Amino acid sequence: MTPTRDSSAPPGEGGGAAAQLLPMRASLEFDDFYAANVRVITGQIFAYTGDRAEAEDLVAEAFCRALARWRKVREYENPTAWVRRVAWNLATSHLRRRGVVQRFLNRQRETHEKAPDGDRVDLMRALAGIGEHHRKAVILRYMAGLTVAEIAEQEGVAEATVRSWLTRGKAALAGRLTVQDEMEQR
């Protein structure tokens, strides 16, 4: 018995054309998902790490992990939150490793501190100067636009804890950021 070709499929493709459309559709869906979210998540991770190149690498790794699991990840209620969480976890691991390396290097050589820059306020420096939980809560709330409930769910803590982190984080930032009037400078 000879196999018959599906008459609706183009010549040479047989009945496998429908099977080939599913991966192409999923690929296009992932491409759209990536395009819609990569900049926002990269900006959040950049604010967290203070290093744009590292943020781009970490976010790329998070999206690669999502692509490898796309059939499962796309079924989640919020695939963006999954990718963001993976990127945050990668960034946290990266910062920890960087801290270990920096402490080791500091013990190996003499360091010279730069004089403080009084010309402008640097938000990245101010964010780097507050605690990790406070920094993460402030970035997720005010840059990512997540609600307190969403942050609590992502971090696995109570909403009251997130509100506390936000209050303390804003207070710490307010203490580090100052704005001088033009009249005061004269």
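Just above, that's the structure.
Just so you know, these numbers come straight off a predicted model, no measurement behind them.

Enquirer: For this particular structure, what's the right way to read the pattern of salt bridges?
Expert: Pairing is possible between side chains that carry opposite charge, provided their charged atoms lie close to one another. This model, assessed by the stated rule, comprises six salt bridges. When the shortest N-O distance is used, the salt bridge between glutamate 29 and arginine 74 registers 3.9 Å. With glutamate 29 in helix H1 (residues 17-49) and arginine 74 in the loop between helix H3 (70-73) and helix H4 (79-108), this residue pair connects regions lying 45 residues apart in the sequence. For glutamate 29, a relative accessible area of 36% puts it in the partly exposed group. Exposure remark for arginine 74: the relative accessible area of 24% places this residue in the partly exposed category. Residues participating in the shared-partner salt-bridge network are Glu29, Arg74 and Glu75.

Enquirer: Could you clarify how one ought to interpret the nonpolar core in this entry?
Expert: Note on soluble globular proteins: their nonpolar side chains tend to be buried together. Counting residues in hydrophobic clusters, the biggest one holds 38 residues, and the most contacted among them are Ile41, Ile45, Val59, Phe63, Val83 and Leu127. Secondary structure elements with two or more residues in this core: H1, helix H2 (52-68), H3, H4, helix H5 (123-128), helix H6 (132-142), helix H7 (148-155) and helix H8 (159-176). Not counting chain neighbours up to four residues away, the residues in contact with phenylalanine 63 comprise Phe30, Phe33, Tyr34, Asn37, Val38, Ile41 and Val83.

Enquirer: What's the story with the packing of aromatic side chains in this structure? I'm lost.
Expert: Each aromatic ring pair is described using two quantities: the centre-to-centre distance and the angle formed by the ring planes. Inspection of every chain in the model, using the stated rule, returns eight aromatic pairs. With a centroid separation of 6.3 Å and an interplanar angle of 75 degrees, the aromatic rings of phenylalanine 30 and phenylalanine 63 are classed as edge-to-face. Placement of the pair is phenylalanine 30 in helix H1 and phenylalanine 63 in helix H2, with a sequence separation of 33 residues. By the burial criterion, phenylalanine 30 is buried, and phenylalanine 63 matches it. Positioned above the aromatic ring of phenylalanine 46, the side-chain terminus of arginine 52 is 4.3 Å from the ring centre. The ring of tyrosine 142 is capped by arginine 141, whose NZ or CZ atom sits 5.8 Å from the centre of that ring.

Enquirer: Just to check I follow, could you spell out H8 for this structure?
Expert: Since the α-helix packs 3.6 residues into each turn, any two residues three or four apart lie on the same face. Between its first and last C-alpha, H8 extends 26 Å over 18 residues, near the 26 Å set by a 1.5 Å rise per residue. Of the positions making up H8, those classed as buried are Val162, Trp165, Leu166, Gly169 and Leu173. On an axial view of H8, the arc spanned by its buried residues comes to 100 degrees, and they lie on one face. For H8, the exposed residues lying more than 90 degrees away from the buried face are Arg168, Ala174 and Gly175. Considering only its buried residues, H8 is in contact with H5, H6 and H7.

Enquirer: It is not clear to me how the packing of H2 against H4 should be interpreted in this structure. Could you clarify?
Expert: A pair of packed helices is characterised by two quantities: the angle between their axes and the separation of those axes. One way to put it is that H2 packs onto H4 with a least axis distance of 9 Å and a crossing angle of 135 degrees. The angle between the axes of H2 and H4 places the two elements in the oblique class. Where H2 crosses over H4, the handedness of that crossing is right-handed. Here Glu54, Leu58, Val59, Glu61, Ala62, Phe63, Arg65 and Ala66 of H2 come into contact with H4, specifically with Trp82, Val83, Val86, Ala87, Leu90, Ala91 and His94. Across the contact of H2 with H4, the residue classes break down as eleven nonpolar, one polar and three charged.

Enquirer: Would you take a moment to explain the layout of surface pockets for this structure?
Expert: Estimated volume of the largest pocket: approximately 390 Å³. What lines the largest pocket is a set of 15 residues, among which Thr49, Leu95, Arg98, Gly99 and Ala128 lie closest to the centre. Where the lining of the largest pocket is concerned, the elements lending two or more residues are H1, H4, H5 and H6. It is H4 that contributes the most residues to the lining of the largest pocket, six residues altogether. Per-class residue counts for the lining of the largest pocket are six nonpolar, five polar and four charged. Quantified by volume, the second largest pocket comes out at close to 290 Å³. Forming the walls of the second largest pocket are Tyr76, Glu77, Asn78, Ala81, Trp82, Arg84, Arg85, Leu146, Glu150, Glu153 and Gln154. When contributions to the lining of the second largest pocket are tallied by element, the ones reaching two or more residues are H4 and H7. When residues of the lining of the second largest pocket are assigned to their parent elements, the largest contribution, four residues, is made by H4.

Reading the values: rules and limits
Position numbers for residues start from 1 in each chain and track the written sequence from start to end. Local features in this predicted model are restricted to residues of pLDDT 70 or higher, and side-chain atom pairs are both shown and tallied only at a pLDDT of 80 or more, whereas totals for entire chains, interfaces and linings draw on every residue. In computing side-chain properties, one takes all heavy atoms of the structure into account and sets aside hydrogens as well as water. Each salt bridge in this description consists of a side-chain nitrogen of Lys or Arg and a carboxyl oxygen of Asp or Glu lying within 4 Å of one another. Helix and strand assignments follow DSSP, with helices taken as H or I runs no shorter than four residues and strands as E runs no shorter than two, numbered in order from the N terminus. Burial classification: accessible surface area is computed with a 1.4 Å probe over protein chains only, and a residue below 20% of its type maximum counts as buried, one above 50% as exposed, and the rest as partly exposed. Buried Ala, Val, Leu, Ile, Met, Phe, Trp, Tyr and Cys residues form a nonpolar core when they are joined through side-chain atoms within 4.5 Å. Contact criterion: two residues are considered in contact whenever any of their non-hydrogen atoms come within 4.5 Å of each other. Stacked, edge-to-face and tilted are the three classes for Phe, Tyr and Trp ring pairs, Trp counted by its six-membered ring, which pair at centre distances within 6.5 Å; planes under 30 degrees apart are stacked, over 60 edge-to-face, the rest tilted. Only when the NZ of Lys or the CZ of Arg is both within 6 Å of the ring centre and within 35 degrees of the ring normal is a charge said to sit over the ring. To estimate how far a helix should extend, the number of its residues minus one is multiplied by 1.5 Å. Regarding the arc, it is the one traced by the directions from the helix axis to the C-beta atoms. For helices, the fitted axis covers only the stretch in contact; all axes are lines through C-alpha atoms, and the angles between them, taken along N-to-C directions, range from 0 to 180 degrees. Roughly parallel means an angle under 35 degrees; roughly antiparallel, over 145; roughly perpendicular, 65 to 115; everything else is oblique. Helix crossings fall into two classes, left-handed where the near helix is turned counterclockwise from the far one by less than a right angle and right-handed where it is turned clockwise. As a working rule, the residues Ala, Val, Leu, Ile, Met, Phe, Trp, Tyr, Cys and Pro are called nonpolar, Asp, Glu, Lys and Arg charged, and the rest polar, with Gly in that last group. Two kinds of site are reported from a 1 Å grid over the protein atoms alone, namely cavities, where a 1.4 Å probe fits but cannot get out, and pockets, open sets with protein on both sides within 12 Å along at least five of seven lines, and residues are called lining when an atom falls within 4 Å of a point. Grid points are joined across faces, edges and corners, and a volume is the space filled by probe spheres set on the points.

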